[in-house]
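# Summary of the model geometry
Here's the letter readout for the chains.
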Amino acid sequence: MKWIDVPPVWLLGFAVLAWCQARFLPLGLEFSGGTIGAFVGFLSGVLIGGGIVLMLLAVTELRRQKTTLHPHGQPSQLVQSGIFKRSRNPIYLGDCLLLLGLILRFDAVLSLALLPIFVWVLERRFILPEENRLRRQFRADWARYEQKTRRWL
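A few points on the structure. (Residues numbered from 1 in each chain as written. Predicted model: local features only at pLDDT ≥ 70, side-chain atom pairs only at ≥ 80, totals over all residues. Heavy atoms only, no water.)

With 31 residues, helix α2 (residues 34-64) extends 45 Å from end C-alpha to end C-alpha; this agrees with the ideal 45 Å at 1.5 Å per step. Buried within α2 are the following residues: Gly37, Val40, Ser44, Leu47, Ile48, Gly51, Leu54, Met55, Ala58, Glu61 and Leu62. Looking at the buried positions of α2, the neighbouring elements they touch are α3 (90-106). Looking at the residues trailing α2, positive phi occurs at Lys66, about 55°. (Helix = DSSP H or I, 4+ residues; strand = E, 2+ residues; numbered from the N terminus. Expected span 1.5 Å × (residues − 1). Buried < 20%, exposed > 50% of the residue type's maximum accessible area, 1.4 Å probe, protein only. Contact = heavy atoms within 4.5 Å.)

Here the focus is the side chain of Gln65. Examined against the element boundaries, Gln65 turns out to sit in the loop between α2 and α3. Contact partners of Gln65, with chain neighbours within four places excluded, come to Gln77, Val79 and Ser81.

What follows covers a nonpolar patch on the surface. On the surface, Trp19, Phe24, Leu25, Leu27, Leu29 and Leu110 cluster together into a nonpolar patch covering about 610 Å² of accessible area. With respect to the helices and strands, the residue Leu29 is situated in the loop between α1 (7-24) and α2. On the basis of relative accessible area, Leu29 is assigned to the partly exposed category, the value being 38%. (Patch = residues over 30% accessible without salt bridge, like charges linked within 9 Å, V, L, I, M, F, W, Y side chains within 5 Å. Areas by Shrake-Rupley, 256 points an atom, 1.4 Å probe, with all protein chains shown as cover. Salt bridge = Lys/Arg side-chain N within 4 Å of Asp/Glu carboxyl O.)

Taken N-terminus to C-terminus, the directions of α3 and helix α4 (residues 114-148) make an angle of 165°; their axes are 11 Å apart at the nearest point. In terms of orientation, α3 and α4 fall into the roughly antiparallel class. Where α3 crosses over α4, the handedness of that crossing is right-handed. On the side of α3, the interface is formed by Tyr92, Asp95, Cys96, Leu99 and Leu100, while α4 contributes Leu115, Phe118, Val119, Leu122, Phe126, Ile127 and Glu130. (Axes fitted to C-alpha atoms, helices over the stretch in contact; angles between N-to-C directions. Parallel < 35°, antiparallel > 145°, perpendicular 65-115°, else oblique. Left-handed = near helix turned anticlockwise from the far one by under 90°.)

Attention now moves to unusual backbone geometry. Positive phi outside glycine occurs at Lys66, with the angle close to 55°. When you line up the elements, Lys66 lands in the loop between α2 and α3. Lys66 gets classed as exposed once you look at its relative accessible area, which sits at 69%. Notably, Asp107 is not glycine yet its phi reads approximately 60°, a positive angle. Take Asp107: it is sitting in the loop between α3 and α4.

Below you can see the structure in the form of structure tokens.
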């Protein structure tokens, strides 16, 4: 069952909730139409694209360093290069940008409330356990990295 408890599955679940809200419970709240609709369409594309680029940069760096991608896996290295110089969690940040972009693309205004819930799930289910594993395994290196690099941005 651990293959189900991974961020992409959670992201898919939240995206499906947003799509369902837009499709079946719009309540007349929408971004579409006119200049605002065009701006929201552009912004959603930028967010989706930015999220994908962040994830690709992070995956490339993890592969280059030959360490695990799996959030429950045991890392072989503490990656501090590439995009990981800017954010300790670029893949999760990419997930959040992707979800926000999809919410805007679906015109699911009510689903904007899902974003902080999604961030909370990511932190509790993945980020905190990963950080604890890294803290135990890499001790002083982790302490220095944690001090100089923010969790999100």
